[in-house]
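# Structure at a glance
Each chain is listed here by its residues.
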Amino acid sequence: DAGITQSPRYKITETGRQVTLMCHQTWSHSYMFWYRQDLGHGLRLIYYSAAADITDKGEVPDGYVVSRSKTENFPLTLESATRSQTSVYFCASGLAGADEQFFGPGTRLTVL
Amino acid sequence: SQKIEQNSEALNIQEGKTATLTCNYTNYSPAYLQWYRQDPGRGPVFLLLIRENEKEKRKERLKVTFDTTLKQSLFHITASQPADSATYLCALDTAGNMLTFGGGTRLMVKP
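## Topic: the overall build of chain B
In terms of helices and strands, chain B carries zero helices and 11 strands. When the helices and strands of chain B are listed from N to C terminus, the series reads β-β-β-β-β-β-β-β-β-β-β. Along the first, second and third principal axes, the C-alpha set of chain B runs to 40 × 30 × 20 Å. The proportion of buried residues among the 111 residues of chain B is 44%. For chain B, contacts bridging at least 24 residues in sequence account for 54% of all contacts bridging at least 6. If you sum the accessible surface of chain B, you get close to 5,700 Å²; carbon and sulfur atoms cover 45% of it. Of the side-chain charges in chain B, 14 are positive and 11 negative, and the distance between the mean point of each set is 2 Å.

Right under this line is the structure:
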């Protein structure tokens, strides 16, 4: 199916565990983004990637790791999950960094 | 400090009226400003992009204005319908390759 998908849609994990959230897009967009959305903070950029093998920090990168070996995939890893990382995570893609962005359906992550 | 402010209180209007949402920003000089719609449990969906040299942009029942002097964008939905009920987010291009989002305003259109 064309579009942008995220998996899993829901995840419960424990403090200290490693978690990887997956993002896949079929448009061959150059740019991909990871945001988290929390009540009171809105959408905040974690990391973004301008192309395969090029990643850069956003507003709130601490505690997260990304990679982009293929244009279509942009996984986000929480190396040692903390309760403060409980959030809804959205992946997005676009032709340019500040251009129209296409968002995935989100992953609701709960860290116990 | 840099801020993007949208009214955090919900906007309640009657069906058929025009809804006007506000996005104010400080200490940014964006070249673009975008508006997105977000429904509960879903990702944001792009609606409109307006550039700094454009005063106004329209798309069907939607109209966006961009005043770089006032550092403000207004988002209008004319002839509003209950299906327009959602949260609306504004976003500015910052640091070249990134968008920074406002907190969003929830719109409720009552029949």
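There's more to say after this.
## A short note on the pattern of salt bridges
Residue and element names in this part refer to chain B. The full count for this structure, using the stated rule, is eight salt bridges over all chains. Among the ionic pairs, Glu 5 bridges to Lys 3, the shortest N-O distance being 3.5 Å. The exposure class assigned to Glu 5 is partly exposed, which follows from its relative accessible area of 42%. Since its relative accessible area comes to 41%, Lys 3 is described here as partly exposed. A salt bridge links Asp 84 to Arg 61, with the nearest nitrogen and oxygen atoms 2.9 Å apart. Taken together, the residues Asp 84 in the loop between β8 (72-77) and β9 (86-94) and Arg 61 in the loop between β6 (56-59) and β7 (62-67) connect sequence positions 23 residues apart.

Cut-offs used in this document
- Position numbers for residues count from 1 along each chain, tracking the sequence in the order it is written.
- Chain letters start at A and ligand numbers start at 1, both assigned in the order the entries are written.
- Residue-level local features of this predicted model are given only where pLDDT is at least 70; pairs of side-chain atoms are given and counted only at 80 or more, and the full residue set underlies all totals for whole chains, interfaces and linings.
- The side-chain figures draw on all heavy atoms in the structure; neither hydrogens nor water molecules are used.
- Helix and strand assignments follow DSSP, with helices taken as H or I runs no shorter than four residues and strands as E runs no shorter than two, numbered in order from the N terminus.
- Residue exposure (1.4 Å probe, protein chains only): buried if accessible area is under 20% of the type maximum, exposed if over 50%, otherwise partly exposed.
- Any two residues whose heavy atoms approach within 4.5 Å are treated as being in contact.
- Surface accessibility follows the Shrake-Rupley procedure with a 1.4 Å probe radius. Residue values consider only the protein chains on display as shielding.
- We count Lys and Arg on the positive side and Asp and Glu on the negative side, and we leave His and both chain ends out.
- A charge is said to be at NZ when it belongs to Lys, at CZ for Arg, at CG for Asp and at CD for Glu.
- A pairing counts as a salt bridge when a side-chain nitrogen of Lys or Arg comes within 4 Å of a carboxyl oxygen of Asp or Glu.

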